[in-house]
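# A closer look at the structure
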There are 2 protein chains.
Amino acid sequence: MSSARLLAIVFTCALFVTNVSMQAETLLSIMPVPAHAVAGTGSFPISGSFPIVMEGYTEPRLERAKTRFLASLTSRTGIPLWQAPTATQQQFIIRTGRPSKEVQQLEEDESYHLEVSPTRVLLSAPNPLGILHGLQTFLQLVNITPQGFSVASVTIDDSPRFPWRGLMIDSGRHFMPLDVIRQSLDGMEVVKLNVFHWHLSENQGFRVESKLYPLLQQKGSDGNFYTQDQIRGIIEYARDRGIRVIPEFDMPGHATSWFVGYPDLASGKGPYFIERNWGIFDPAMDPTRESTYKFLDRFIGEMTALFPDAYFHIGGDECNGKEWDANPRIQQYMREHNLKDDAALQAYFTGRVQQLVTKRGKITVGWDEVLQPDTPKDVVIQSWRGPDSLAEAARRGNRGILSAGYYIDLNQPASQHYVADPLAGAAAKLTPEQQRNILGGEATMWSEFVTPENVGGRIWPRTAAIAERLWSPKGVTDIDSMYRRLAIISSYLAYTGQMYNSISDQMLQRMAGNADVTSLKTLASVVEPPKEYSRESLASYNSLTPLTKMVDAVSPESDRARDFLRLAKLIAAGQATSEEWKQAREWLILWRDNDAALQPILAQSALTVELEPVSRTLSQTAVIGLSALDALQSNSPVSEPVRQQQLAFLKSAEAPQAVLLDMVVPAVEVIVNATKP
Amino acid sequence: MSSARLLAIVFTCALFVTNVSMQAETLLSIMPVPAHAVAGTGSFPISGSFPIVMEGYTEPRLERAKTRFLASLTSRTGIPLWQAPTATQQQFIIRTGRPSKEVQQLEEDESYHLEVSPTRVLLSAPNPLGILHGLQTFLQLVNITPQGFSVASVTIDDSPRFPWRGLMIDSGRHFMPLDVIRQSLDGMEVVKLNVFHWHLSENQGFRVESKLYPLLQQKGSDGNFYTQDQIRGIIEYARDRGIRVIPEFDMPGHATSWFVGYPDLASGKGPYFIERNWGIFDPAMDPTRESTYKFLDRFIGEMTALFPDAYFHIGGDECNGKEWDANPRIQQYMREHNLKDDAALQAYFTGRVQQLVTKRGKITVGWDEVLQPDTPKDVVIQSWRGPDSLAEAARRGNRGILSAGYYIDLNQPASQHYVADPLAGAAAKLTPEQQRNILGGEATMWSEFVTPENVGGRIWPRTAAIAERLWSPKGVTDIDSMYRRLAIISSYLAYTGQMYNSISDQMLQRMAGNADVTSLKTLASVVEPPKEYSRESLASYNSLTPLTKMVDAVSPESDRARDFLRLAKLIAAGQATSEEWKQAREWLILWRDNDAALQPILAQSALTVELEPVSRTLSQTAVIGLSALDALQSNSPVSEPVRQQQLAFLKSAEAPQAVLLDMVVPAVEVIVNATKP
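Rules behind the numbers
- Residues numbered from 1 in each chain as written.
- Chains lettered and ligands numbered in written order.
- Predicted model: local features only at pLDDT ≥ 70, side-chain atom pairs only at ≥ 80, totals over all residues.
- Heavy atoms only, no water.
- Helix = DSSP H or I, 4+ residues; strand = E, 2+ residues; numbered from the N terminus.
- Rg over C-alpha atoms; globule rule 2.2 N^0.38 Å.
- Buried < 20%, exposed > 50% of the residue type's maximum accessible area, 1.4 Å probe, protein only.
- Contact = heavy atoms within 4.5 Å.
- Areas by Shrake-Rupley, 256 points an atom, 1.4 Å probe, with all protein chains shown as cover.
- Lys, Arg positive; Asp, Glu negative; His and termini not counted.
- Charge placed at Lys NZ, Arg CZ, Asp CG, Glu CD.
- Salt bridge = Lys/Arg side-chain N within 4 Å of Asp/Glu carboxyl O.
- Buried area = accessible area lost by both parts, 1.4 Å probe.
- Core = buried A, V, L, I, M, F, W, Y, C linked by side-chain atoms within 4.5 Å.
- Polar contact = N/O pair within 3.5 Å; in protein donor to acceptor, adjacent residues only side chain to side chain.
- Least-squares fit on C-alpha atoms with pLDDT ≥ 70 in both.
- Axes fitted to C-alpha atoms, helices over the stretch in contact; angles between N-to-C directions.
- Parallel < 35°, antiparallel > 145°, perpendicular 65-115°, else oblique.
- Left-handed = near helix turned anticlockwise from the far one by under 90°.
- Nonpolar A, V, L, I, M, F, W, Y, C, P; charged D, E, K, R; others polar.
- pLDDT = per-residue confidence, 0-100.
- Pairing = 2+ DSSP bridges.
- Right-handed = clockwise from strand over helix to strand, strands pointing away.
- Expected span 1.5 Å × (residues − 1).
- Phe/Tyr/Trp six-rings, centres within 6.5 Å; stacked < 30°, edge-to-face > 60°.
- Lys NZ or Arg CZ within 6 Å of the ring centre and 35° of its normal.

## Some words on the overall build of chain A
Assigned secondary structure in chain A consists of 27 helices and 18 strands. On C-alpha atoms alone, chain A measures out to a radius of gyration of 27 Å, which is about the 26 Å that the 2.2 N^0.38 rule sets for 677 residues. Reported as C-alpha extents along the three principal axes, the dimensions of chain A are approximately 80 × 70 × 55 Å. Buried residues in chain A amount to 61% of all 677 residues. If you take every contact in chain A between residues at least 6 apart in sequence, the share linking residues at least 24 apart comes to 75%. When the accessible area of chain A is evaluated, it comes to approximately 24400 Å², of which 54% is carbon and sulfur surface. Separation of charge centres in chain A, based on 64 positive and 75 negative side chains, amounts to 2 Å.

## Describing the pattern of salt bridges
All names here are of chain B. Considering all chains together, one arrives at 77 salt bridges over all chains under this definition. Between Arg161 and Asp421 there is a salt bridge whose closest N-O contact spans 3.0 Å. With Arg161 in the loop between β7 (148-158) and β8 (164-170) and Asp421 in the loop between α14 (414-419) and α15 (432-435), this residue pair connects regions lying 260 residues apart in the sequence. Classification of Asp421 by relative accessible area gives buried; the value is 12%.

## A closer look at the side chain of Arg76 of chain A
Note on placement: Arg76 of chain A falls in helix α3 (residues 60-77). Lacking a salt bridge, the buried Arg76 of chain A has Glu453 of chain B as its closest oppositely charged neighbour, with an N-O distance of 9.0 Å. In contact with Arg76 of chain A, not counting residues within four places along its chain, are Val142, Phe149, Tyr492 and Tyr495 of chain A together with Arg510 of chain B.

## Section: the interface of chain B and chain A
At the interface, 48 residues of chain B touch 48 residues of chain A. Buried area between chain B and chain A, summed over both chains or domains, comes out near 3600 Å², and the portion from carbon and sulfur atoms is 56%. Contact with chain A buries surface across chain B, with Arg510, Asn514 and Gln604 of chain B losing the most and accounting together for 18% of the total. At the surface where chain B touches chain A, the tally comes to zero salt bridges.

## Points about the nonpolar core
If you look at the biggest cluster of nonpolar residues, it comprises 178 residues, and the most contacted ones within it are Met550 of chain A together with Phe138, Phe249 and Trp258 of chain B. For this core, the element with the most residues is helix α24 (residues 578-602) of chain A, which contributes eight residues. The residues touching Phe138 of chain B, leaving out its near neighbours within four places in the chain, are Phe44, Ile46, Phe69, Leu73, Phe92, Leu114, Val116, Val121 and Val151 of chain B. Of all hydrophobic cores here, the second largest spans 176 residues; its members include Phe295 and Leu390 of chain A together with Trp591 and Val672 of chain B.

## Regarding the environment of Arg360 of chain B
Residue and element names in this part refer to chain B. Its place among the elements puts Arg360 in the loop between α12 (342-359) and β14 (363-367). Taking the C-alpha atoms as reference, Arg360 lies 9.9 Å from Met303; in sequence the two are 57 residues apart. Ignoring anything within four residues of it in the chain, the contact list for Arg360 reads Asp297, Arg298, Ile300, Gly301 and Thr304. Polar side-chain contacts of Arg360 include one of 2.9 Å to the backbone oxygen of Asp297.

## Things to note about the relation of the copies chain B and chain A
The two chain copies are related to each other by a rotation about an axis together with a translation along it. Between chain B and chain A, which share one sequence, the superposing operator has a rotation angle of 180 degrees and an axial displacement of 0.0 Å; the RMSD is 0.0 Å. What the rotation and shift describe, once combined, is the action of a two-fold rotation axis. Minimal C-alpha separation from the rotation axis in chain B is found for Ser502 of chain B, amounting to 3.0 Å. When the interface residues of chain B are mapped onto chain A, 100% of them are again interface residues, pointing to one common binding face.

## As for the packing of helix α17 (residues 462-471) of chain B against helix α18 (residues 479-495) of chain B
Residue and element names in this part refer to chain B. For the pair α17 and α18, interaxial distance at closest approach is 9 Å and the crossing angle is 120 degrees. Between α17 and α18, the crossing angle belongs to the class labelled oblique. In this structure, α17 meets α18 at a crossing whose hand is right-handed. Touching Ala464, Ala465 and Glu468 of α17 are Met482, Arg485, Leu486 and Ile489, all from α18. Looking at side-chain class alone, the contact of α17 with α18 contains five nonpolar, no polar and two charged residues.

## Some points on the confidence of the model for chain A
Residues and elements named next belong to chain A. When the pLDDT values of chain A are averaged, the result is 94; 96% of them are 70 or greater. Long-range and interchain partners of residues 1-20, a stretch whose pLDDT sits below 50, account for 38 contacts in this model, where long-range means more than four residues apart. The complex prediction reports pTM at 0.94, with the ipTM value standing at 0.92.

## A closer look at the packing of helix α23 (residues 559-572) of chain A against α24 of chain A
Residue and element names in this part refer to chain A. Interhelical geometry of α23 versus α24 gives an angle of 130 degrees and a closest axis separation of 10 Å. One finds that α23 runs oblique with respect to α24. With respect to the hand of their crossing, α23 and α24 are arranged in left-handed fashion. Where α23 abuts α24, its residues Arg560, Asp563, Phe564, Arg566, Leu567, Leu570 and Ile571 lie against Glu580, Trp581, Gln583, Ala584, Trp587, Leu588 and Trp591. When the residues that make up the contact of α23 with α24 are grouped by side-chain class, the tally is nine nonpolar, one polar and four charged.

## Notes on the pairing of strand β9 (residues 195-199) of chain B
Residues and elements named next belong to chain B. Of all five residues making up β9, five are buried, and the element is well covered by its neighbours. Across the two faces of β9 the burial is the same, with Val195, His197 and His199 and Phe196 and Trp198 all buried. In this sheet, β9 lies alongside β8 in parallel orientation, the contact comprising five bridges. Within the sheet, the bridge partner assigned to Leu167 lies in β9 and is Phe196. Regarding the hand of the β-α-β motif, the stretch spanning β8, helix α5 (residues 178-190) and β9 is right-handed. Pairing analysis gives five bridges linking β9 to strand β12 (residues 244-248), with the strands arranged parallel. Across the sheet, residue Val195 finds its bridge partner in β12, namely Arg244.

## Overview of α18 of chain B
Residue and element names in this part refer to chain B. Along its 17 residues, α18 runs 25 Å from first to last C-alpha, staying within 8% of the 24 Å computed at 1.5 Å per residue. With 12 of its 17 residues buried, α18 lies for the most part within the structure. Residue Asp478 occupies the N-cap position of α18, its side-chain oxygen lying 2.9 Å from the main-chain nitrogen of Asp480.

## Here's the deal with the environment of Lys192 of chain B
All names here are of chain B. Within the secondary structure, Lys192 sits in the loop between α5 and β9. When its relative accessible area of 1% is taken as the criterion, Lys192 is described as buried. The spatial distance from the C-alpha of Lys192 to the C-alpha of Gly242 is 8.2 Å, given a sequence separation of 50 residues. Excluding its chain neighbours within four sequence positions, the residues that come into contact with Lys192 are Pro32, Tyr112, His133, Gln136, Thr137, Asp158, Arg165 and Trp471. A polar contact of 2.7 Å, which involves the side chain of Lys192, links it to the side chain of Thr137.

## Brief notes about the environment of Glu580 of chain B
All names here are of chain B. Relative to the elements of secondary structure, Glu580 occurs in helix α24 (residues 578-602). The buried category is assigned to Glu580, whose relative accessible area is 18%. With 23 residues separating them along the chain, Glu580 and Glu557 place their C-alpha atoms 22 Å apart.

## Notes on the side chain of Glu468 of chain B
All names here are of chain B. Note on placement: Glu468 falls in helix α17. Classification of Glu468 as buried rests on a relative accessible area of 0%. Within the local environment of Glu468, its side chain forms a polar contact with the backbone nitrogen of Val33, the two atoms lying 3.0 Å apart. Setting aside chain neighbours within four positions, we find Glu468 in contact with Ile30, Met31, Pro32, Val33, Tyr418, Val476 and Arg485.

## Topic: the packing of aromatic side chains
Centre-to-centre distance and the angle between the planes together describe a pair of aromatic rings. The tally for this structure, following the rule as stated, stands at 64 aromatic pairs over all chains. The positively charged end of Arg562 of chain A is found above the aromatic ring belonging to Tyr483 of chain A, 3.6 Å away from the centroid.

## Focus: the pairing of strand β5 (residues 120-125) of chain A
The two faces of a sheet get side chains in turn, since along a regular strand they alternate between them. Residue and element names in this part refer to chain A. Of all six residues that make up β5, five are buried, and the element is covered over most of its length. Sheet topology note: the strand β3 (residues 91-96)/β5 ladder contains six bridges and is parallel. In the sheet register, Ile94 faces β5, and the bridge partner there is Leu123. With four bridges connecting them, strand β4 (residues 112-116) and β5 associate as antiparallel partners. Among the inter-strand pairings, Leu114 is bridged to a residue of β5, identified as Leu123. Two successive antiparallel strands, β4 and β5, enclose a turn made up of three residues.

## A word on unusual backbone geometry
Residues and elements named next belong to chain A. Here Met31 and Pro32 are connected by a cis peptide whose omega angle stands at -5 degrees. As for its position among the elements, Pro32 is in the loop between α2 (21-27) and β1 (36-45). Residue Met251 is joined to Pro252 through a cis peptide bond whose omega torsion reads 0 degrees. Of note in the backbone geometry, Asn635 takes a positive phi value of approximately 55 degrees without being a glycine. Locating Asn635 in the fold gives a position in the loop between α25 (612-634) and α26 (640-653).

And the structure:
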């Protein structure tokens, strides 16, 4: 049943009251699920212009939000809404209590109240932030019905579970042009994320214009950097969408690109060059020279003036200390200052830098490693190594945010991110007061293996599942519901300009040249990139490697393979309907026969030739799956040697080929295993 | 065989020399076909950065062109090309003779010479215009091969057949935002169009900021207009792409929106309101009052200063004269001045306005109607009524451009536009000197039935066929070749940001809500919008009508239906291969069975419910087609009454349903007719 229909049915069942989020989840096909929703009767039709009345406090940002809201509604429905209202019996009231802070703050009230009835919409909020969120909720509620577009009557009271809900984008490794950043902010607004963490410097590139130290961008960026005006534009764009912008300048490691223009900052001899490889590298700032802090003082002064947010991220991860170990002067300094190891030296450095940040009136954020015995309590820890380090920070009185579990560059399924909870694991055992130190989380889009072209398809739609984890009540955990709604929001995101599905198609077309891509798409629909950090061991990459292969074009998660696995499990459990049997068989036949159509195309292009064995394996896997289906359906036993042979083949087919995983294999294994008498 | 392969084969057949365009057409899968091409051996690989050397004259526009060229090449290949050259044994030389005119002129030299060899590309041109064209040619020549991306060796000498190759966009009826305009200019550059004719005022909207007469945009545009800064930005953007921008301010008719703010300009009493309907309306400027010319003098002064092009379009079409007839003062003026009818009054008006344009140093362009017995010889006539009026103008010594035959709003097939030739028909009988008065042509995108959303899918890819007609040698007329290359350029245009195929999919998704769109897409792939002006009689429309139905989402021309018609003709002629029989049968089965899957979805949405009979008819048509195929294949005669019954059904199925044509019908008619013993 389509979810629109489900919704319609639920709504026509007359009044139905709940304040339990699980029921809101069933009620509303939106993401993130609101905290509290009560269905009404009837619906608010969207068939032409209607007056939008601004009550209470207003400001230009709200006027712009209204304009954008109407444009989004037009984009969603195709109905021109810029003309004078035609439907005056309808009203859309926006009632705002007071201004939000001049610079958006952590823990500002983001709540809103949305009442939709057949003739009136009332959206009220204590301040503009809630209004921005409520408008997004309304837009997601728009549905096509036999009578036209409308929003079913409902009353929603909503507010976030966590105040820090972020997306980090790494503009350092692969530069991300402004339109990519703006598009990401557009998507963040849709799913109510409120922190854009901008990773702006890396070994592979320094991405911000510094007027005080222009060699940073001139020598460290290959010309790919943001001017200060552009940064200000992005900050304004983000503020319009209720999003804070937190810059990160990673130090003392991950900083090779700084040293190209300013080698004296480094601990080694130089000369330094922009790093072209991926990994952890030796160059590190020299924590023992006062000139380093003098430089950083002025630099931090310039950047804290540019970025108005109260928080300032100084990185601090993955410094291997090798340049320190190799430098006698630094070794001597460590002895003289009783710094017993590299960790101690880094802690000293972090402490000094943190003072420079504090001096500018800002709060320091750093990765796990910055948490040391004497780390000041106002430093915020971003946990990438696991939930335990986050809990440890919280226990010690430092606030923290979770990123472990939200590494969207690792190509894990949305379900895996969805179950990662900032307050699970060790954090569940904290006192309520300690738990309050855990501010939320951030999805992290590291960019070794994404380009401006395909980054959207890595961020979306999975980040919507993370956004729901961070916004919705703790009890919203139904994975099937999440996937059902993820498909809907993925389609909705296209209206907001996230064209990742089209881009994937286009990348496949590029691979195939002028050949018909139908069979290539069939293959693409059931393969996935390798998970976690295994990609680098399967082929060789650097920052100049084109990311134009199948692994770059496909979604991190195959919807088709997930659907097929579900069918396989039902079949294995003897619970599949005849429709499900039929569907499974149809897909297996499609995959079996696809190879014959695809092979002639693959040889024609350097970008596809490596797929020859992948396509063959898919076909062979499907043959095995079909024979197992036959055996199950006819109740004719499969001999043990044959089954073992099949399983051995499938085992070998689990291994990546052409840097791709064949996601049909696990499902066929389930079916073959079920043939055991 | 894929064209990439074909190209590769032709090229590996060693050296092969030709200066006949028909052979260039076979040789190169690009559009428009160049005037002259000679194949070489080997190819220039594109695998990493290579130095681009600028020789001779240079200017900032050429530097920007180089940057855009590299970005396009990256977009096409996915290879990062912004870093320092890695392949120094390769060279790409751009050699420019001299500057082009400060303001791009008609009849400037647009020729270029492009030599591609395995280690060197030489692109030379007398001025930057040729360089811009040559870069586009090179980009289209990039192909994926088993060895990677490359351009096969070739020597091209190219120049256009006509100097005026335009696209008109009507921003008056539906306002087109700047990004739509810029995207259109991007596409124009790809196919070497060089005139953007911007229709800026209409009954439904006045779209330019006037500082002298601000009520024009303030009262005449619903807030949807271009500021002068934005206009200047577009002119610069166009100039960077070798494109002139010619504004059109339509007068004395098509001008209701002017009168909302300035009713004294009109011939009636007023008050006037922005027109919401489509059609020809009565309001017209008053040609009898000096105040009208005083206004227009200042206005034309302002606009000719804003638009630097030497040509200035004053419209002049479709003035019905009713306001003149109804105004006694105007009637008296006509008698006093011996103006015997409305045509004479309009000719008087045109003459006066033309003087105002001349006074500003510009040349007047107008639609057919401005050509009157005493029209000055320097007025350029844009022919919309037919090729005869163009020939007539040329005979009389006026220069002219053809738009009749290039009305892309009429949803005709590319083949129909392709055969329209500015020098065919009456023009073929002109003397060579008279023929030189025919400057070229313009595709016209009138916007009654397009929005910013779907306009791209109306302009492209068909306008590429028109662009080829205007650029390529006269002998390039092979329609099969055109369609083969049109498919390739359509795919190429996606790399330049023309996402019309994705947008079409998205519009179908909007129609279907959250339902699966597979079966809706199957229906969409074989229907077309009604042709010419028939749409308005099939449903009622005004400027507020959402354009969100199937007719708005589908391509004006169904590729699938065209392919099927080809198969049907082969089958009817007894010339189809077994593969072709099989394909025809598969499609018919798909269409027959589609209805069962689609009907339950159609009822759920107000945007699709009208498609129920369309889907049913397609299914019934396919059933007839299959039975006719069976009869032909088994050589079993169909009884005359049955065949007549089938043909009667098909005849009725030719009629539009839900404002759509079922394009499978003509092909099935061909098959059924073939069953006649």
